[in-house]
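Listed below, chain by chain, are the residues.
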Amino acid sequence: MISNRELFLKNTAQTSSSPRLFEIVKAEGVYLYGPNGERYLDLVSGFNVSNIGHRHPSVIAAIQQQLEKYLHVTVYGEFVQAPQVKFATELLANLPSSFGSVYLTNSGAEAVEGSMKIAKKYTGRRQIIAAEKAYHGSTQGALSLIGNPAYQEAYAPLLPEIEFIQFNDISSLDIITNQTAAVIVEAIQGEAGVRVPSTEFMRALRRKCDETGAILVFDEIQTGFGRTGKMFAFEHFGIVPDVLMLAKGIGGGMPLGAFVARKEVMDVIKDNPMLGHITTFGGHPVSCAAALASLQVIQNEKLLDTVEIKAALFRKELNHPAIKEIRGMGLMMCLQLETFEHVYQVSNFCAEHGVMIDWYLHCETALRIAPPLTISETEIKHACEIIRQGIEKFI
Ligand code: PLP
């Protein structure tokens, strides 16, 4: 009989010539399970999605309750759907009062597209500024903001009037002017290999946007929902962006994204022309029910209180001369090694020994550590022991 692995390679689109090919038959808590009884401790969280662990019982219960009521009923923005309304209201309650309106999308990239549109229409300007080595998604608009030509050239022409600053370099902010519609940056650059900006940089960026009238848009698609030890990473820097883009961890494992803005900024899509941004499945009621449950889990289980302690334990247990640097904030971490070969060998060794880790799009010389925030201290110690063994064996 032809295996699922063979069918995967034959019938589903391939995005690389070396997919990792782990087959997963179940995921629960911090573990992934394979078809032959393999068990992997998940240090990737589906790329910062499973912040509260896989199949959290509260999320499963919320999904089941919504399944009894309705699935999709109409395009976003027409009918009043309680799961959307309740989730948007709870999300706003967790944000500074300047945020007044939530647009629910299918994905992170769609949140990026919508954010660029409201910034352009609200300011009447065209130029968008992003950061070198950013990652904001794979649609053509989002791809225009990826500060890495290797990923752009084959798909040119992309959006015009996009310029780039150097992330965390105050001197590069001079290109932001009163011609700039929006400056879009990750709160912490993820795919660049977890680059944490200084508070000075973030405050200078906020000041520059205030001076020029540019809309400051933060991509918190990787950093949101407790990943860095605060509900949102911008809270670490003492500034508030104008627009916040969310996805990944938002849905407790279900597909969902959002962009959040001041009410008058969001309202530009309402008319001239009306329906300025529409989406069929954005804010799917089952995803919104899951998202509300997930947000409540983060609050009720006080997950934010434990992130720093767990991060410190990782740092202590991974103190090894072959690890050049441990970058990150909270449980969004990266172990800087010397070469991609080392990263590849160590991550394969870890997988063979039941620990799933990965690397980064723009930084292949670093290992990605982003476990569910629910990981226990015993599990952290075990994961670090395996990583250390891999490092000892190959470096
Ligand atoms: N922004 C960041 C920082 C991301 O990491 C990603 C996805 O990895 C996106 C945007 C795009 O999100 P999606 O894959 O849901 O379109």
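In this report, we go over the structure that sits alongside the text. By convention here, each chain's residues receive numbers from 1 onward along its written sequence. Whole-chain, interface and lining totals are the exception, using all residues; otherwise, since this is a predicted model, local features are given only for residues with pLDDT of at least 70 and side-chain atom pairs are given and counted only at 80 or more. No hydrogens and no water enter the side-chain calculation; it runs on all heavy atoms of the structure.

**A short note on unusual backbone geometry**
Stage number 1. Following Ala156, the chain continues to Pro157 via a peptide bond in cis, the omega torsion being 0°.
Stage number 2. Position of Pro157 among the secondary structure elements: in the loop between helix 6 (140-143) and strand 6 (162-165).
Stage number 3. That bond from Asn272 to Pro273 is cis: its omega, -5°, falls within 30 degrees of zero.
Stage number 4. Residue Asn272 is classed as exposed on the basis of its relative accessible area, which comes to 66%.
Stage number 5. Residues other than glycine seldom take positive phi values, yet Leu275 does so here, at roughly 60°.
Stage number 6. Numbering of helices and strands runs from the N terminus, with a helix taken as a DSSP run of H or I at least four residues long and a strand as a DSSP run of E at least two residues long. Residue placement: Leu275 occurs in the loop between helix 8 (263-266) and helix 9 (285-300). Relative accessible area decides the class of each residue, using a 1.4 Å probe on protein chains only: under 20% of the type maximum gives buried, over 50% gives exposed, and in between gives partly exposed.

**Looking at the nonpolar core**
Stage number 1. Each nonpolar core is a collection of buried residues, namely Ala, Val, Leu, Ile, Met, Phe, Trp, Tyr and Cys, held together in the definition by side-chain atoms within 4.5 Å. Leu43, Phe87, Leu205, Phe218 and Phe314 are the most contacted members of the largest nonpolar core, which totals 119 residues.
Stage number 2. Among the elements that make up this core, the one with the highest residue count is helix 9 (ten residues).
Stage number 3. It only takes one pair of heavy atoms within 4.5 Å for two residues to be counted as in contact. When residues no more than four places from it in sequence are discounted, the contact partners of Phe218 are Val185, Ala187, Met202, Leu205, Phe234, Ile239, Pro241, Val243, Leu244 and Met245.
Stage number 4. The next biggest cluster of nonpolar side chains, apart from the first, holds five residues, and it includes Ala27, Leu32, Val44 and Met356.

**Some details on the state of the cysteines**
Stage number 1. In this description, the term disulfide denotes a pair of cysteine sulfurs within 2.5 Å. All chains considered together, the criterion is met by zero disulfides.
Stage number 2. Counting only cysteine sulfurs, Cys384 is the nearest neighbor of Cys350, a cysteine outside any disulfide, at a range of 9.7 Å.

**Overview of the pairing of strand 5 (residues 127-131)**
Stage number 1. For strand 5, the tally of buried residues reaches five of five residues, placing the bulk of the element in the interior.
Stage number 2. Burial of the side chains of strand 5 extends over both faces: Gln127, Ile129 and Ala131 are buried on one face and Ile128 and Ala130 on the other.
Stage number 3. Two strands make a pair as long as DSSP finds a minimum of two bridges between them. Two elements, strand 5 and strand 7 (residues 180-186), share three bridges in a ladder whose sense is parallel. Pairing of Gln127 across the sheet is with Thr180, part of strand 7.
Stage number 4. In this sheet, strand 6 lies alongside strand 5 in parallel orientation, the contact comprising four bridges. The residue of strand 6 that forms the bridge with Ile128 is Ile162.

**Thoughts on the site of the ligand**
Stage number 1. Residues are counted as near a molecule or strand when any one of their heavy atoms sits within 4 Å of it. Around the ligand, the structure places Ser107, Gly108, Ala109, Tyr135, His136, Gly137, Glu186, Asp219, Ile221, Gln222 and Lys248.
Stage number 2. Polar contacts, as counted here, are pairs of nitrogen or oxygen atoms within 3.5 Å of one another; within protein the pair requires one atom able to donate a hydrogen and one able to accept it, and residues that are adjacent in sequence qualify only if both atoms are side-chain atoms. Measuring from an oxygen atom of the ligand, one finds a backbone N or O atom of Gly108 at 2.8 Å.
Stage number 3. Note that a nitrogen atom of the ligand is positioned 3.4 Å from one of the backbone N or O atoms of Tyr135.
Stage number 4. Across the complex, the protein chains shield 81% of the 390 Å² of accessible surface that the ligand would expose by itself.
Stage number 5. When residue character is reported, Ala, Val, Leu, Ile, Met, Phe, Trp, Tyr, Cys and Pro are called nonpolar, Asp, Glu, Lys and Arg charged, and the others, Gly included, polar. A class-by-class count of the residues in the shell around the ligand yields three nonpolar, five polar and three charged. Here the accessible surface of atoms and residues is derived via Shrake-Rupley with a 1.4 Å probe, and residues count as covered only by protein chains that are part of the display.

Interpretation note: all reported values are geometric properties and have no functional meaning in isolation.
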